[in-house]
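# Residue-level structure breakdown
Here is what each chain is made of, one letter per residue.
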Amino acid sequence: MNILIVRVSSLGDVVHNMPMVADIRRHYPHANIDWVVEEGYTSLVRLNPHIRNIIPIALRRWRKSLGRVETRAEIAAFYRQLRAQAYDVVFDTQGLLKTSVVMRMARLTPGGKRVGLANATEGSGYEPLSRIFHDQSVKVGLHTHAVMRARLVAAGGLNYAVDGGADFSLQAHAEFAASPPAWLPSTPYAVFLHGTARAAKQWDAGNWIALAQQLQKRRLPVLLPWGNNKERVAAEQLAAAMPQATVLPSLPLMEAVTLVRQASLVVGLDTGLTHIAAAYCRPTVELYCDSPRWKTEGNWSPLIANVGDTGAAPDVAQVLQAIDAVMSVAAASGQPHFTQDNEA
């Protein structure tokens, strides 16, 4: 069986689609699974050993330069790559018109089918017009978690029941396992994922500073990554008021993944890297300041704690309590700290 997944973005949503792959592989061990994803996320999907081929798409970049000859040539090359293989099942778990069009472009085997979402979940960007490209539409509950939503679409399309916990199947990046980046500490550290595009989702700077002061008592230095110039400035301001804090250089995606995968503790807002840390089951505290926790909370491991909710940002005491909880679980389970010479 040849299966294609169309989930092009965003970073966190791509991560939350990984367990559907493990589900498919468990029920159809010999299936070949390919994935269409935005070009910037191909390295992340490559960490899943169950994916055979990755077909990169550049919708974000192409729409800015549709009139250029080079862009049209890239689109034509993408179309040829997409059509090179005939698929028995094509899944669109994003539910947008643009992704359903990509689904429609894929070539089916005789009797093959296209499967997608029948309805939106609360607050999602689902576009009902996408259903016109489906052969089968799978209905999900209004408050279905992002991970379960994708798992249910796969189960409905392939006629099995969702069972077992979420298995993300993410491996370490081979290059960095052998040769860690120069900036990566050789001793335990915490990561603060403080940056987010929407101001309402941010946590007050004073809270981050107070949290770092508490972690100093545990001799746990704090690393501060950033994704754009505004976040870099914010990281520098935080570091200036924090003990034992370091602002990291600009990190490519795989270095950022390595950063959270090897952390002793990750505290982060509702962002892609926080969800990656949770997918690796590192001790992770997810902060929800202005987004619904039920949609994306890490609920598959006691090493993940989720605090706050829409309009109810957590306070420092709540976060410290959550840190105590996940670190206690990590210690009780014998989960080692990662270092440059110690891969778990």
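The text that follows walks through the structure, step by step, so that each part is easy to find. (Residues numbered from 1 in each chain as written. Predicted model: local features only at pLDDT ≥ 70, side-chain atom pairs only at ≥ 80, totals over all residues. Heavy atoms only, no water.)

### Remarks on the packing of aromatic side chains
Taken as a whole and assessed by the stated rule, the structure comprises four aromatic pairs. With a centroid separation of 5.0 Å and 90° between ring planes, the pair formed by W203 and W208 is classed as edge-to-face. Considered together, W203 and W208 belong to a single accessibility category, that of buried residues. An aromatic cluster of three or more residues is present, and its members are F192, W203 and W208. (Phe/Tyr/Trp six-rings, centres within 6.5 Å; stacked < 30°, edge-to-face > 60°. Buried < 20%, exposed > 50% of the residue type's maximum accessible area, 1.4 Å probe, protein only.)

### Considering the sheet that holds strand β11 (residues 284-288)
The six strands lie next to each other as β9-β8-β7-β10-β11-β12, forming an open sheet whose pairing is parallel. Each edge of the open sheet is held by one strand with a lone partner, namely β9 (245-247) and β12 (304-308). Between one strand axis and the next, the sheet turns by 20° as a mean value, whatever way the strands run. Relative to strand β10 (residues 265-269), strand β7 (residues 190-193) runs parallel, the two sharing four bridges. Pairing of A190 across the sheet is with L265, part of β10. Set on the sheet, helix α10 (residues 229-241) makes contact with β8 (222-224) and β9; between it and β9 the angle comes to about 160°. (Pairing = 2+ DSSP bridges. Helix = DSSP H or I, 4+ residues; strand = E, 2+ residues; numbered from the N terminus. Axes fitted to C-alpha atoms, helices over the stretch in contact; angles between N-to-C directions. Contact = heavy atoms within 4.5 Å.)

### As for a positive patch on the surface
Together, R60, R63, K64 and K98 make up a region of like positive charge exposed at the surface. Here R63 shows up in the loop between α4 (59-62) and α5 (69-83). Note on R63: relative accessible area 56%, which makes it exposed. (Patch = residues over 30% accessible without salt bridge, like charges linked within 9 Å, V, L, I, M, F, W, Y side chains within 5 Å. Areas by Shrake-Rupley, 256 points an atom, 1.4 Å probe, with all protein chains shown as cover. Salt bridge = Lys/Arg side-chain N within 4 Å of Asp/Glu carboxyl O. Lys, Arg positive; Asp, Glu negative; His and termini not counted. Charge placed at Lys NZ, Arg CZ, Asp CG, Glu CD.)

### Quick look at a nonpolar patch on the surface
A cluster of nonpolar side chains, L97, V101, L129 and I132, forms an exposed patch at the surface whose accessible area comes to about 340 Å². Assignment of secondary structure puts I132 in the loop between β5 (107-117) and β6 (136-138).

### Considerations on helix α9 (residues 205-216)
End to end, α9 covers 17 Å across twelve residues, agreeing with the expected 16 Å (1.5 Å per residue, within 8%). Taken residue by residue, α9 has N207, W208, I209, L211, A212 and L215 as its buried positions. Buried residues along α9 sit against β7, β8, α10, β10, β11 and α14 (316-332). Its side-chain oxygen placed 2.9 Å from the backbone nitrogen of G206, D204 serves as the N-cap of α9. (Expected span 1.5 Å × (residues − 1). Polar contact = N/O pair within 3.5 Å; in protein donor to acceptor, adjacent residues only side chain to side chain.)

### Concerning the nonpolar core
If you look at the biggest cluster of nonpolar residues, it comprises 60 residues, and the most contacted ones within it are I24, W35, L44, F91 and I276. With residues near it in sequence (within four places) discarded, I276 still touches L11, V15, L44, V257 and V260. Counting 29 residues, the second largest nonpolar core, distinct from the first, contains L269, V316, L320 and A322. (Core = buried A, V, L, I, M, F, W, Y, C linked by side-chain atoms within 4.5 Å.)

### Considerations on α10
An ideal rise of 1.5 Å per residue puts 18 Å on 13 residues; α10 measures up with 19 Å between its terminal C-alpha atoms. When α10 is considered as a whole, its buried residues turn out to be E231, A235, L238 and A239. Down the axis, α10 shows its buried residues gathered within 100° of arc, on one side only. Residues of α10 that are exposed and angled more than 90 degrees away from the buried face: K230, Q237 and A240. Regarding α10, its N-cap is N228, as a side-chain oxygen of that residue lies 3.2 Å from the backbone nitrogen of K230 further along. (Arc of directions from axis to C-beta.)

### With respect to unusual backbone geometry
Residue S10 is reached from S9 by a cis peptide bond, and omega for that bond is -10°. The topology assignment puts S10 in the loop between β1 (2-6) and α1 (11-16). One non-glycine residue, Q244, lies in positive phi territory at about 55°. Of note, Q244 is situated in the loop between α10 and β9.

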